[in-house]
Amino acid sequence: MSFIIILFLMFITGLRLTWLNVQKQDALPEIVDGTLNLKEFQVSDHHTIPLNGEWAFFPNQFIHNDKEHTNSKGLKKMFLKVPGDWNNAFKKRNSNFKYGTYRLTILLGKNKDQTFKLRIININRASTLYVNGRPIKGAGNPSTQSKTYQARNLPYTVTIPSGHDKMTIDIQVSNQTGEGGITEPIRLGTPKAINYWGTLSTSMQVALCIIFFIHGLYAIMLYCFGIRNKGLIYFSLLIFSAVLSVLVEDDKLLFVWLPMSYPLSMRITFLSYISVVAFIPLILKQLYPDFKDQKLIHWFSVYCLAEVLFILFAPVQMILLIKKELLLVLWFSIFISVYILKKASIKRDDSIFLILGVSSIGVNIFWSIWKFNAYSYESVYYPFDLMIAVFCFAGFWFKRYVRTNNQTKRIAERLQKVNQQKDDFLVNTSHELRNPLHGIMNITQNVLENKNGELSKEYTEKLKVQLTVAKRMALLLDDLIDVTRLQEKTIQLHIKNVKVQSIVGSIFEMLQYMLEGKPITLSINIPEDFPAVKADEKRLIQIMFNLLHNAVKFTDEGEISVSAEVINETAHIHIMDTGIGMDSEMQSKIFLPYEQADSNRTKVVGGFGLGLSICKQYVELHGGTLNVKSTPGEGSLFTFTLSLSEDAEQETENYDLKKSAKKSVAVSKELEMAPAQITSTFEKKPSLLVVDDDPLNQQVLINVFDPKYYEILAVSSANQAIDRIDSKHFDLVISDVMMPNISGYELTRKIRERFSISELPILLLTARNRLEDIGVGFQAGANDYVAKPVDSWELKARVNALIQLKQSIEEHQRIEAAWLQAQIKPHFLYNTMNSIAALGTMDIEKMQRLIEEFSHYLRMSYDFHNSDRMVPIDRELALVRSYLFIEKERFGERINVEWNVDPNLHFLLPPLIIQPLVENAVKHGVLKTTQGGTINICIENGLKEIKISIKDSGVGMTREVLQRIQEKSFNKDGGIGLQNTNRRLKQFYGKGLEVRSIPNQGTTVSFCIPNKE
């Protein structure tokens, strides 16, 4: 940073020196003994001549004509350097009042016919200019007496007429405040050159003032537009003070435009300087509030205020006498500013702008002081130091604005993310709250339905109120969830014809508990024949509930009524209350999210402030409008519109409160009978697997399903559920969707890898009842879903329907397997009977044995145990032995059977699993060859599973044929025997048949079942 500052100082110093060199004029004639010779000098229209050099000076004398000058040999004459201070020309230095005359003779020579102008910038403090003894112009009233002396110091320009060989310039000057005389050069030139010089200087000052003024206005506008930072006020005051300081210095434009007394002009001049430097530390203090040395700035402000008071009230002569001491504040300001920047902003990347700005002001002060003391320094007004300073300050503000804007963008993005997280939090929290709410509702419902214990009427009513409150909480949770869904525009309406009367009646019942202690009458003023409207019934219930709940909430006594009318083929539903009402300001805000009435106006506290906002959005989604009219203290009237049904005559039922209640009781009784119907149809109780990571939800579901009618096993994770399914048969899986590690959707997919949608139904419990969430569940393989909080009646009905469907399909599969076994082919029966007849003439003993095995085969094929879920392995092998005995008697040595079975091995397996595989090996394996072959039946007892394989040495199959046979057999379009066997194995054990075959070497069909010993 130091390197940058050094380069910057070198730059602005070089810029100023370059500006001086541009204004410098070479080969100017010298002024010697108060005489300037222009004979050999060609006057230019582009340059002026600064009349610097030795001027004849007459201290304490006023000389103004040639005659007096000729006869004034006794006058003391000396030479003074112009521009410069005249103090050394006076003997009595203790006197402040001084006066004298400057004289310069200009020899024009060949320029005598040229018209000239003189430009006087600064002569302290009163002056009159004479040319060739004639007064031309002046400023103030120079005098030999202090009483008649009148100070005034303004720039002025005079025109010198042509036609003389020489020009004598006398300037009378008087001063009452110390230093005086010609302190800045007098410029001589053609009118064009002088005018150009004056215009350029004035333009520079005006341009700088405009630039300053615009920046000051920007600061004020920013403050007025809401950026309440005192630094902006200080900056604008600094800028306006700087404008004032420019206008009172050099060409003194302010005093030219607005003539005023000399004392007032001096006070304004000094106040402008002090104001500029006084505000710089204050601005830096506001920019860096972490600066610790606040006392330094405080005492500096006190010092500046003291100087201001002194300038306002002290005599001007005294101010001018100690002006150097007064202007020490300039250095104090620079020192304090540098100190603040060093201490407070050394680590900030934008502090370089402030440092450079303060450096520019410091350079400007340095050059001003040097000009004040050197006198020989003179050029056209130089504005660039201050312009660079303002641009540096502006650069700081812009840099800070850009940084703040970027921070605002990042904060906005973070706020958007936090807002999204807030919405997600509300949704997830609502979902989590549904679980305990689901438990409360179902436990309460089970207690009310429990017929084993008698509840008093009082407790029954309290439980009903609790159930009603829980339902209200469910609606509030729906509001929270719907806020996000409405923002995401994912709400889809299911429009149908809806009767408004029935909805209002059920909502009134829900709100009854809120009326305890309030003398409020609820009335429904909707005609019975009022036509149906086109609406989403669930959303219409939500709209009506929120509006009526709002009315009850803010009504202490009186009436709440619901009425409806048809206007222009549109239904207008009115909800009127006699509550506290609203003023116009509140009416303009109530439909905004999270806006609530002033809690001081009502005793009701609570709610989210979402109900009315959601109502309005839902009504607008239906294509209607929602409006309110209200008067404080008189009540409110909410009106929303809906489209009428195209065929309103179709729905003419009028559901009142009592009919709705009777219907609920009827449904309850019907559902209570459902479990009894299931258990009467099947001997074994349905087995349910409940999967939920929340123990409370598990217990709630266990309480919902009576152990008399259901066998329930609850697990807390998807992995546990998979393990239980491997070891036990279930009729239904009830799974929560939101679980850690493996969700309910993923569990459903894993189950569907083993079981079809009919072999093991899955019911999902989901708090996310959006169409997208429901669609994901069905795509994963779920049979049905129930949204939380769950109504126990609905849950029982859906569970019973799925169990009935599943058991019906299972029964169908078992009957199908038994039917396949019982379906003995005619040629097999005919051939077996022929074999028995042939043996009757040849070998009676073999005939009797064949008849015995054949009767055993027939008896087992038609046995009712074939429809059992499991049978002993001995029974299955007995059927296989009978079949093989018959086939061996028929085909003799072409069939050879090998048994590798442990006689002590006992386990259960599905019926009619091995026999179809053996029959397939005989018919399509060994009998396809001329010489026949061997069939090997092997049962291996492993540690974890039992492997059963049927191997034949028949014709075998190529890979292509094997693949085609598997596709036909194991799919629904293939052979029904192997398909049934394969499907049942996968259902029971998760794995189907495994087939290996080599052409001309045979085929092996095997499967595995878990070893439970």
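Located above this text is the structure these notes cover.
Here the structure is a predicted model, which means the values were calculated and not measured.

A. Seen up close, the overall build of the protein. Looking only at helices and strands, the protein features 29 helices and 33 strands. Considering the protein as a whole, with its 1013 residues, one finds that 49% of them fall into the buried category. If you take every contact in the protein between residues at least 6 apart in sequence, the share linking residues at least 24 apart comes to 75%. For the protein, the accessible surface area stands at approximately 50,400 Å², while carbon and sulfur atoms represent 56% of it.

B. Examining helix α20 (residues 718-727) more closely. Among all positions in α20, only Ala-718, Ala-721 and Ile-725 are buried. Buried residues of α20 fall within an arc of 50° about the axis and therefore sit on the same side. Of the surrounding secondary structure, the elements contacted by the buried residues of α20 are β22 (687-691), β23 (711-715), β24 (732-736) and α21 (744-752).

C. Spatial organisation of a nonpolar patch on the surface. Together, Ile-210, Phe-213, Ile-214, Leu-217, Tyr-218, Ile-220, Met-221 and Phe-225 line one region of the surface with nonpolar side chains, adding up to about 770 Å² of accessible area. Following the sequence through the fold, Phe-225 ends up in the loop between α3 (191-224) and α4 (230-248).

D. Quick peek at the sheet that holds strand β14 (residues 187-189). The sheet built from 4 strands is open, its strands ordered β3-β14-β7-β11 with antiparallel pairing. Two strands in the sheet have a free side with no partner beyond their single neighbour: β3 (49-50) and β11 (156-160). On top of the sheet, α3 reaches β7 (116-120), β11 and β14; it is set at about 135° to β14, its chief contact.

E. Spatial organisation of the packing of α3 against α4. Relative to each other, α3 and α4 sit at 165°, their axes nearing to 8 Å. When the interaxial angle is binned, α3 and α4 end up roughly antiparallel. Crossing of α3 against α4: the hand is left-handed. Contacts between α3 and α4 involve Gln-205, Leu-208, Cys-209, Phe-212, Phe-213, His-215, Gly-216, Leu-217, Ala-219, Ile-220, Leu-222 and Tyr-223 from the first element and Leu-232, Ile-233, Phe-235, Ser-236, Ile-239, Phe-240, Ala-242, Val-243, Val-246 and Leu-247 from the second. Looking at the contact of α3 with α4 residue by residue, the classes come out as 18 nonpolar, 4 polar and no charged.

F. Quick look at the sheet that holds strand β19 (residues 570-577). A sheet is described by the order of its strands in space; here 5 strands give the open sequence β16-β18-β19-β21-β20, paired in mixed fashion. Only two strands of the sheet have a single neighbouring strand rather than two, namely β16 (520-525) and β20 (626-631). For this sheet, the mean angle separating the axes of adjacent strands, direction not counted, is 15°. Pairing analysis gives 6 bridges linking β16 to strand β18 (residues 558-567), with the strands arranged parallel. Counterpart to Ile-520 in the pairing with β18 is Gly-558. Taken strand by strand, helix α15 (residues 537-553) contacts β18, β19, β20 and β21 (635-643), and its axis lies near 170° from that of β21.

G. A look at the side chain of Ser-561. Structurally, Ser-561 can be placed in strand β18. Taking relative accessible area as the criterion, Ser-561 reaches 5% and is therefore assigned buried. When near neighbours in sequence (up to four residues on either side) are disregarded, Ser-561 contacts Ser-523, Asn-525, His-574, Ile-575 and Met-576.

H. Geometry of the pairing of β21. Among the 9 residues in β21, 7 count as buried, and that is most of the element. Both β19 and β21 contribute to a ladder of 8 bridges, which runs antiparallel. From the neighbouring strand, Met-576 faces β21, where its bridge partner is Leu-637. Bridge analysis of β20 against β21 gives 6 bridges, and the strand direction is antiparallel. Bridge pairing in β21 places Thr-631 opposite Gly-635. Between β20 and β21, which follow one another and run antiparallel, lie 3 residues, and Gly-633 among them has a positive phi close to 85°.

I. Structural view of the pattern of salt bridges. Applying the stated criterion to the full structure yields 11 salt bridges. Residues Glu-746 and Arg-749 are paired through a salt bridge, measuring 3.3 Å at the closest nitrogen-oxygen approach. Of the two residues, Glu-746 and Arg-749 are both situated in helix α21; the distance of 3 residues between them amounts to about one turn of the helix. For Glu-746, a relative accessible area of 32% corresponds to the partly exposed category. Where Glu-919 meets Lys-923, a salt bridge forms, and the shortest distance between an N and an O atom there is 2.8 Å. With Glu-919 and Lys-923 both in helix α27 (residues 914-924) and 4 residues apart, the pair spans about one turn of that helix.

J. Expanded view of the pairing of β19. Most of β19 sits out of view: 6 of its 8 residues are buried. With 8 bridges connecting them, β18 and β19 associate as antiparallel partners. Residue Ile-567 lies in a different strand from β19, and its bridge partner there is Thr-570. The hairpin formed by β18 and β19 contains 2 residues between the paired strands, and Asn-568 there has a positive phi angle of roughly 55°.

K. How the structure looks around the packing of helix α6 (residues 262-287) against helix α7 (residues 294-313). Where α6 contacts α7, the axes come no closer than 10 Å and their chain directions differ by 170°. Between α6 and α7, the interaxial angle falls into the category roughly antiparallel. Crossing handedness for the pair α6 and α7: left-handed. Listed contacts from α7 to Arg-267, Phe-270, Leu-271, Ile-274, Val-277, Ala-278, Pro-281, Leu-282 and Lys-285 of α6 are Gln-294, Ile-297, Phe-300, Ser-301, Cys-304, Glu-307, Val-308, Ile-311, Leu-312 and Phe-313. Counted by class, the contact of α6 with α7 contains 14 nonpolar, 2 polar and 3 charged residues.

L. Structural view of helix α17 (residues 611-621). All buried positions along α17 are accounted for by Gly-611, Leu-612, Ser-613, Ile-614, Cys-615, Tyr-618 and Val-619. Positioned one or two residues after α17, Gly-623 has a phi angle of 85°, which is positive.

What counts, and where the lines are drawn
- Residues numbered from 1 in each chain as written.
- Predicted model: local features only at pLDDT ≥ 70, side-chain atom pairs only at ≥ 80, totals over all residues.
- Heavy atoms only, no water.
- Helix = DSSP H or I, 4+ residues; strand = E, 2+ residues; numbered from the N terminus.
- Buried < 20%, exposed > 50% of the residue type's maximum accessible area, 1.4 Å probe, protein only.
- Contact = heavy atoms within 4.5 Å.
- Areas by Shrake-Rupley, 256 points an atom, 1.4 Å probe, with all protein chains shown as cover.
- Arc of directions from axis to C-beta.
- Patch = residues over 30% accessible without salt bridge, like charges linked within 9 Å, V, L, I, M, F, W, Y side chains within 5 Å.
- Salt bridge = Lys/Arg side-chain N within 4 Å of Asp/Glu carboxyl O.
- Pairing = 2+ DSSP bridges.
- Axes fitted to C-alpha atoms, helices over the stretch in contact; angles between N-to-C directions.
- Parallel < 35°, antiparallel > 145°, perpendicular 65-115°, else oblique.
- Left-handed = near helix turned anticlockwise from the far one by under 90°.
- Nonpolar A, V, L, I, M, F, W, Y, C, P; charged D, E, K, R; others polar.

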